Amino acid sequence: MKFTQATLDKIEAILNEAEYVLRYERGNFQSGYCILEQKKVVVLNKFLQLEGRISTLIDLVPQLQVNPDEFSPEVRRTYNDVLERHAVIQAEQAENQK
């Protein structure tokens with residue numbers, strides 16, 4: 001997965017089709033984001049660079065309450081790519097902790 005604006009747009013489309021509102025705002029977020037689950041709002045630190053935004057969304061998307069069956073085929077493919085990338089990152093982190 002490349003860190004480009006097109007990739008960010010595709011990941012943002014996941015949130016859009018899952019009916020989450022994505023906002024970029026100032027805040028004191030430990031992880032770079034905040035999820036307001038009851039209101040389906042995700043707030044990302046607006047000072048994150050492109051790579052940071054994509055990495056943060058890759059960490060965040062698997063935590064959301066979504067139904068991938070309701071996604072368009074393209075968004076479902078992106079969603080599966082994000083889940084796969086997240087799993088790889090988790091495995092790498094677990095390996096590094098050994």
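Along each chain, numbering runs from 1 in the same order as the chain's sequence is written. For this predicted model, a pLDDT threshold of at least 70 governs which residues receive local features, and a threshold of 80 or more governs which side-chain atom pairs are given and counted, while totals over whole chains, interfaces and linings are taken from all residues. Neither water nor hydrogens contribute to the side-chain values; these are computed over all heavy atoms in the structure.

A. Structural view of the packing of aromatic side chains. Working definition: a ring pair exists when centres of Phe, Tyr or Trp rings (six-membered ring for Trp) sit within 6.5 Å. Plane angles under 30 degrees give stacked, over 60 give edge-to-face, the rest tilted. Counted under the stated rule, the structure contains one aromatic pair. With centroids separated by 5.5 Å and ring planes inclined at 70°, the aromatic side chains of Phe 71 and Tyr 79 adopt a geometry described as edge-to-face. Using a relative accessible area of 4% as the deciding quantity, one classes Phe 71 as buried. Here Arg 53 stacks its cationic end above the ring of Tyr 24, 4.1 Å away from the centre of that ring. When accessible area is computed with a 1.4 Å probe and restricted to protein chains, residues below 20% of their type maximum are described as buried, those above 50% as exposed, and intermediate ones as partly exposed. Whether a charge lies above a ring is judged from NZ of Lys or CZ of Arg, which has to be within 6 Å of the ring centre and within 35 degrees of the ring normal.

B. Structural view of the pairing of strand S3 (residues 41–45). The buried fraction of S3 is high, at five of five residues. Where helices and strands are cited, they refer to DSSP runs of H or I of at least four residues and of E of at least two residues respectively, numbered from the N terminus. Alternating residues of S3 divide into Val 41, Val 43 and Asn 45 and Val 42 and Leu 44, and every residue in both groups is buried. Here five bridges tie strand S1 (residues 21–25) to S3, and the two strands are oriented parallel to one another. From the neighbouring strand, Tyr 24 faces S3, where its bridge partner is Leu 44. DSSP calls a pair of strands paired once it identifies at least 2 bridges connecting them.

C. Seen up close, the packing of helix H1 (residues 5–17) against helix H3 (residues 73–96). The axes are straight lines fitted to the C-alpha atoms, using for helices just the contacting stretch, and the angles between their N-to-C directions are given from 0 to 180°. It is the contact of H1 with H3, at a shortest axis distance of 9 Å, that shows an interaxial angle of 110°. Taken as axis vectors, H1 and H3 run roughly perpendicular relative to one another. Seen from above, H1 lies across H3 with left-handed handedness. Of the residues in H3, those in contact with Lys 10, Ile 11, Ala 13, Ile 14 and Glu 17 of H1 are Glu 74, Val 75, Thr 78, Tyr 79 and Val 82. For this classification, Asp, Glu, Lys and Arg are treated as charged, while Ala, Val, Leu, Ile, Met, Phe, Trp, Tyr, Cys and Pro are nonpolar and the rest, including Gly, are polar. A breakdown of the residues in the contact of H1 with H3 according to their chemical character gives six nonpolar, one polar and three charged. Under this scheme an angle from 65 to 115 degrees is roughly perpendicular, one under 35 degrees roughly parallel, and one over 145 degrees roughly antiparallel; angles in between are oblique. For any helix crossing, the convention is left-handed if the near helix is rotated counterclockwise from the far helix by under a right angle, and right-handed if that rotation is clockwise. Whether two residues touch is decided by their heavy atoms; if any such pair falls within 4.5 Å, the residues are in contact.

D. Geometry of the confidence of the model for the protein. Scored from 0 to 100, pLDDT reflects the predictor's confidence in each residue. On average, residues of the protein score 90 in pLDDT, and 94% of them are at 70 or above. Of all secondary-structure elements in the protein, the lowest mean pLDDT belongs to strand S2 (residues 33–36), at 71, while H1 reaches the highest, 97.

E. A look at the pattern of salt bridges. A pair is scored as a salt bridge if a Lys or Arg side-chain nitrogen falls within 4 Å of a carboxyl oxygen belonging to Asp or Glu. This structure, assessed with the given rule, holds one salt bridge. Of the charged contacts in the structure, one is a salt bridge between Glu 25 and Arg 23, with a shortest N-O distance of 2.7 Å. For Arg 23, a relative accessible area of 35% puts it in the partly exposed group.

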